[in-house]
Amino acid sequence: MNVGEIANDWVIEKVEFAKLRGERARSAGANARLGVHGKACEVSLVRVTIDGATAYGASRMTAEQAKPLIGKRVRDLFDDNGKVVEPYRLALEYPLLDWLGRRWNRPVYELATGKSAPDGLAVPCYDTSLYFDDMHLADDKAAVALLQEEAREGYAKGHRNFKIKVGRGGMHMPLMEGTRRDIAIVEGVREVAGPDGKLMIDANNGYNLNLTKQVLTELADAKLYWIEEMFHEDNELYKDLKSWLQERDQQVLIADGEGYAAPRLVEWATQGYVDVLQYDIIHPGFTHWLELGAKLDEHGLFTAPHCYGNAYGIYATGHLSAAVKGFQFVEWDDIAIQGMDAGAYSVKDGLFYVPPKAGFGLDFDDDHFAYQVSQGGWKVE
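Please read all numbers here as calculations on a predicted model, not as lab measurements. (Residues numbered from 1 in each chain as written. Predicted model: local features only at pLDDT ≥ 70, side-chain atom pairs only at ≥ 80, totals over all residues. Heavy atoms only, no water.)

## Concerning the side chain of R24
Residue position: R24 is located in strand 1 (residues 12-28). A polar atom in the side chain of R24 sits 3.1 Å from the side chain of Y308. Reaching out from R24, the side chain makes a polar contact with the side chain of D333 at a distance of 3.2 Å. (Helix = DSSP H or I, 4+ residues; strand = E, 2+ residues; numbered from the N terminus. Polar contact = N/O pair within 3.5 Å; in protein donor to acceptor, adjacent residues only side chain to side chain.)

Below you can see the structure in the form of C-alpha cells.
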C-alpha cells in the first residue's frame, strides 16, 4: 500500500465498540477436548469514524485503549511500507484497512498486494462443521450415516473439501471404540466428497504419536490431505512422524498452530517437521499474517489461518489469500450474524468467491450496531 496516498489531515474522530450476535446454520457438537459448541456465535467489532466516514472491523479493544487514539493521525498508524505498526495492530488494523478500502474504493486484497483483480478472487475453502454430533448414537453405522448427511448438506452448499474432527477416544468414548468410529466416519465422508475432494482431520491434540500412526495406516486409502493438531506440539514427535510418513511414501501434510501454538512452531516448520501453519486470522491478525505468510513462502511452506467461530475472520482470510503464494484454504464456518451482510461472498464447487467490493466487502446495519453499542458496548470521541 502506498502510504503517500494517506492524507495528513485524516484523524480518528470516534471509536465505538459492540458485539453482534448470530447463529451457525447447524449446532456444532463436541471435539476431542471440549463439549458441545452449539449454535450461538458473536463478533466483536469496532466502528471507526475518520474524516466523517465510518468503517467496521474485528477488534477486542477496550474503551481505555481507545481514548489515546482520538485525534491520532491515520498516517502515523502505518510504517513506510504501508503496514500497520505493531502497537495498533490488534486494536485497529481491521477497521483501518476497511476504512481505507472504502475511502479509495478498493478491496483490501488490492491494498495488501498492490494488484487489481476486477472480478474478485476465487479461493479454495473447506467445510469445517463436522464435529462430534454423533455422541448420542451407540451404533457406528448410525454415526457414519449422520456425519455423511451433514457432509451432504455442505456439498449442497458448494463445498467439496471437508475437515473432520477426530479424537472421540480422547475424552468422550473409550479409546479404541472412539478411534474405530473416527476411522469409519472419515471413510464415510470420503464417499460423499468423492475422489477429488480434499479431506483433513483434526484431533485437537486428542491423539498421541502411535495412535496417529495407527489411524494414518488404516486411512491410507482415504488420501488425507492434512492431519491437524494430532498431539501437542513437540519437535521430536513431529520429526519422528515426518520420517515415518516419508518411509511409507504417504503424502499427508502436517498442520498445526491453531490452539496453544508453541512459540518455536515456525522454527520447526522451517526445519521441515510441519508443513502448514494455522495461527488465527484475528489474533495475531492480518498484518502479522502478511509478514508470516511471506516468510513461509520463502521456505516453501503452506498457510491456512484458523478462524473457526469468528464470522468476520472468514472474509478477512479470503483477502489474505491474494498476498500469500502458499495459501491453502479459507476455513468456512456457516454463520449468520445479525446486522452483518456478507451476501457479496459465495461458495461454489469448493471455491470461496471474494467480491471486488471496497474494504472487506461486508455491509453493516448502522442502526443495529448503534443499538448494540447502547446495550453493552462503548463509545469514545
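## Digging into helix 5 (residues 175-193)
Here helix 5 contains 19 residues, and its C-alpha end-to-end distance of 27 Å stays within 8% of the 27 Å for a straight helix at 1.5 Å per residue. Buried residues in helix 5 make contact with strand 4 (121-130), helix 4 (140-156), strand 5 (162-165), strand 6 (199-202) and helix 6 (209-218). Just beyond helix 5, the residue with positive phi is G194, at close to 80°. (Expected span 1.5 Å × (residues − 1). Contact = heavy atoms within 4.5 Å.)

## A closer look at the packing of aromatic side chains
With the rule as written, the count across this model stands at 24 aromatic pairs. With centroids separated by 4.6 Å and ring planes inclined at 55°, the aromatic side chains of Y315 and Y345 adopt a geometry described as tilted. Linking Y315 in helix 10 (residues 311-320) with Y345 in the loop between strand 13 (340-341) and strand 14 (346-348), this pair joins segments that are 30 residues apart in sequence. What makes Y315 buried here is its relative accessible area of 4%. Y345 gets classed as buried once you look at its relative accessible area, which sits at 8%. Look at Y345 and F352: their rings are 5.4 Å apart centre to centre, the planes differ by 15°, and that puts the pair in the stacked class. The residues Y345 and F352 share a single accessibility class, namely buried. Taken together, the aromatic side chains of Y94, F286, Y312 and F360 make up a single cluster linked through ring pairs. The ring centre of Y155 lies 3.7 Å from the NZ or CZ of R160, which sits over that ring. Sitting over the ring of Y225, K198 keeps its end group 5.3 Å from the ring centre. (Phe/Tyr/Trp six-rings, centres within 6.5 Å; stacked < 30°, edge-to-face > 60°. Buried < 20%, exposed > 50% of the residue type's maximum accessible area, 1.4 Å probe, protein only. Lys NZ or Arg CZ within 6 Å of the ring centre and 35° of its normal.)

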